[in-house]
Amino acid sequence: MRLTTWIPKRVAVDVEGNTYVTGMTWATWSPWVMKYSPAKAVLWTRTTGGGGVAVGSDGNVIVTGTAETIKYDPSGTELWRAAGGRAVAVDASGSVYVAAVNHNATDDIGVTKLDRNGGVMWAQVYDSGQYDEAVAVATDAQGNPYVAGTYGWAGNGDVRLLKYSHGGILMWDVPYAGPYWNEALDIAVTASGSAFVGCAEGGVLQILRYSPAGAKLADIREDYVARNAAGLALSPQGELYVAEQWYSGGRNDFAVVALRSDLSVAWRAVHSVGDWAVPEGIAIDPAGSAVIVGYSVNTGEGASSGKARILKLNPPPDPPVTPTGPTAVTAWLPYDYTASSTDPKG
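To start, this report covers the structure provided alongside it.

Cut-offs used in this document
- Residues numbered from 1 in each chain as written.
- Predicted model: local features only at pLDDT ≥ 70, side-chain atom pairs only at ≥ 80, totals over all residues.
- Heavy atoms only, no water.
- Helix = DSSP H or I, 4+ residues; strand = E, 2+ residues; numbered from the N terminus.
- Buried < 20%, exposed > 50% of the residue type's maximum accessible area, 1.4 Å probe, protein only.
- Contact = heavy atoms within 4.5 Å.
- Areas by Shrake-Rupley, 256 points an atom, 1.4 Å probe, with all protein chains shown as cover.
- Phe/Tyr/Trp six-rings, centres within 6.5 Å; stacked < 30°, edge-to-face > 60°.
- Lys NZ or Arg CZ within 6 Å of the ring centre and 35° of its normal.
- Salt bridge = Lys/Arg side-chain N within 4 Å of Asp/Glu carboxyl O.
- Pairing = 2+ DSSP bridges.
- Axes fitted to C-alpha atoms, helices over the stretch in contact; angles between N-to-C directions.
- Core = buried A, V, L, I, M, F, W, Y, C linked by side-chain atoms within 4.5 Å.

## Points about the overall build of the protein chain
Part 1: Per the secondary structure count, the protein chain includes 0 helices and 28 strands.
Part 2: The buried share of the protein chain, taken over its 346 residues, is 58%.
Part 3: For the protein chain, contacts bridging at least 24 residues in sequence account for 43% of all contacts bridging at least 6.
Part 4: Accessible surface computed for the protein chain: about 13,600 Å², of which carbon and sulfur atoms make up 51%.

## Topic: the packing of aromatic side chains
Part 1: Evaluated as defined, the whole model comprises 6 aromatic pairs.
Part 2: The interplanar angle of 75° and the centroid separation of 5.1 Å between the aromatic rings of tyrosine 241 and tryptophan 267 together place this pair among those described as edge-to-face. Taken as a pair, tyrosine 241 in strand β22 (residues 240-248) and tryptophan 267 in strand β24 (residues 265-271) lie far apart in primary sequence, 26 residues in all.
Part 3: Given the relative accessible area of 1%, tyrosine 241 is considered buried.
Part 4: Grouping aromatic residues by their ring pairs yields a cluster made of Tyr20, Trp44 and Tyr72.
Part 5: Residue placement shows arginine 160 over the ring face of tyrosine 151; its charged tip is 4.2 Å from the ring centre.

## Comments concerning the pattern of salt bridges
Part 1: For the structure shown, the criterion picks out 10 salt bridges.
Part 2: Among the ionic pairs, aspartate 58 bridges to arginine 116, the shortest N-O distance being 3.3 Å. Note that aspartate 58 is positioned in the loop between β5 (53-55) and β6 (61-64) and arginine 116 in the loop between β11 (108-114) and β12 (120-126), a separation of 58 residues in sequence.
Part 3: Owing to a relative accessible area of 36%, aspartate 58 belongs among the partly exposed residues under this scheme.
Part 4: The partly exposed category is assigned to arginine 116, whose relative accessible area is 41%.
Part 5: Measuring nitrogen to oxygen at the nearest pair gives 3.6 Å for the salt bridge that ties glutamate 201 to arginine 221.

## A short note on the pairing of strand β4 (residues 42-46)
Part 1: Where strand β3 (residues 31-36) and β4 come together, 4 bridges link them in antiparallel fashion. Within β4, the position partnered with tyrosine 36 by the bridge is valine 42.
Part 2: Adjacent in sequence and paired antiparallel, β3 and β4 are bridged by 5 residues, among which lysine 40 carries a positive phi angle near 80°.

## A look at the sheet that holds strand β23 (residues 251-259)
Part 1: Taken together, 4 strands build an open sheet; the order of strands is β21-β22-β23-β24 and the sheet is antiparallel. Looking at strand neighbours, the two that pair on one side only are β21 (231-234) and β24, the edges of this open sheet. Between one strand axis and the next, the sheet turns through 30° on average, direction left out of account.
Part 2: As judged from the 9 bridges shared by β22 and β23, these two strands associate in the antiparallel manner. Residue pairing in the sheet places serine 248 in a bridge with arginine 251 of β23.

## A short note on the nonpolar core
Part 1: Counting residues in each nonpolar core, the largest one holds 18 residues, and the members touching the most others are Tyr146, Leu161, Ile187, Val197 and Tyr210.
Part 2: If you list the elements that add at least two residues to this core, you get β13 (131-139), β14 (145-153), β15 (156-164), β16 (170-176), β17 (182-189), β18 (195-201) and β19 (204-210).
Part 3: Here tyrosine 210 is in contact with Leu161, Val174, Tyr176, Gly193, Ser194, Ala195, Val197, Ala215, Lys216 and Leu217, once residues within four sequence places are set aside.
Part 4: Trp267, Ala277, Ala290 and Leu311 belong to the second largest nonpolar core, which has 17 residues in total.

## Description of the side chain of serine 211
Part 1: When you line up the elements, serine 211 lands in the loop between β19 and β20 (216-222).
Part 2: For serine 211, a relative accessible area of 12% corresponds to the buried category.
Part 3: When sequence neighbours within four positions are dropped, the list of residues in contact with serine 211 reads Trp172, Gly193 and Leu217.

Have a look at this one:
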């Protein structure tokens, strides 16, 4: 499948194991969302969204993109529309949180809470006085939203983490400024409010962990990982799964690394598709399997040779394989390919 058709960007999985993938059409940047059954069948497609995706406990799916945020029921019937954004999350009550970029003289971060019917409950704007960009949003068990973003000027950016109460009060904001240019990539939040942030620091993937009060507790650098590949998801066992690029043999492969709460490596699995791999998002299904979306490119042929990828990693063994070092690779492959060669636009 060539990148002139579609590029997967984000992924979510519902309680029944259905997979929702959002992305963009390469040539026109038209947005879309697809629903796959656990048996890999395409159940429906819609040419909306294109950015963030989240699934509620009731099976309804919310997608967001630059133009709008849309809620669908499990059959793909549209329920409502609201203003768009960059990322979306849904809490246990069904409330929806949209993180957006408000384009103005310096660009601000906008955070909006919607009720189950799409009505605005509150909307807040964060302005650091520099260029601000929202990248990802997630919630804790109390419905408090956490927003990861990037702020600064061209070529000199840093990461910022915001925490709001479920009532819309900014509880704290924490900057992270490493020795190099930084860019936020994704966020995952535990039920108790511990936040994990993936960021690119000078071309190297870095994972940060913060307490519910905003104190930085730990960090880890993945020195052989390209900066534009990082998706975060929490496993049922409480490990942080990171979709990343793993450099090997002159190319980047798809990889998933599992990190413990102190960010030590529990295991890593690597899979090569023979091309330059670019993972974009990750989610965990009810069985504990990781679903990774992204694409691969044959560097000798250019972008038009690329293929969209939707991969599913088997659950880890019980007990899990113990790596012998921080770069050890576990052997519980193969991947279960779930990619469709059908252009979702028809």
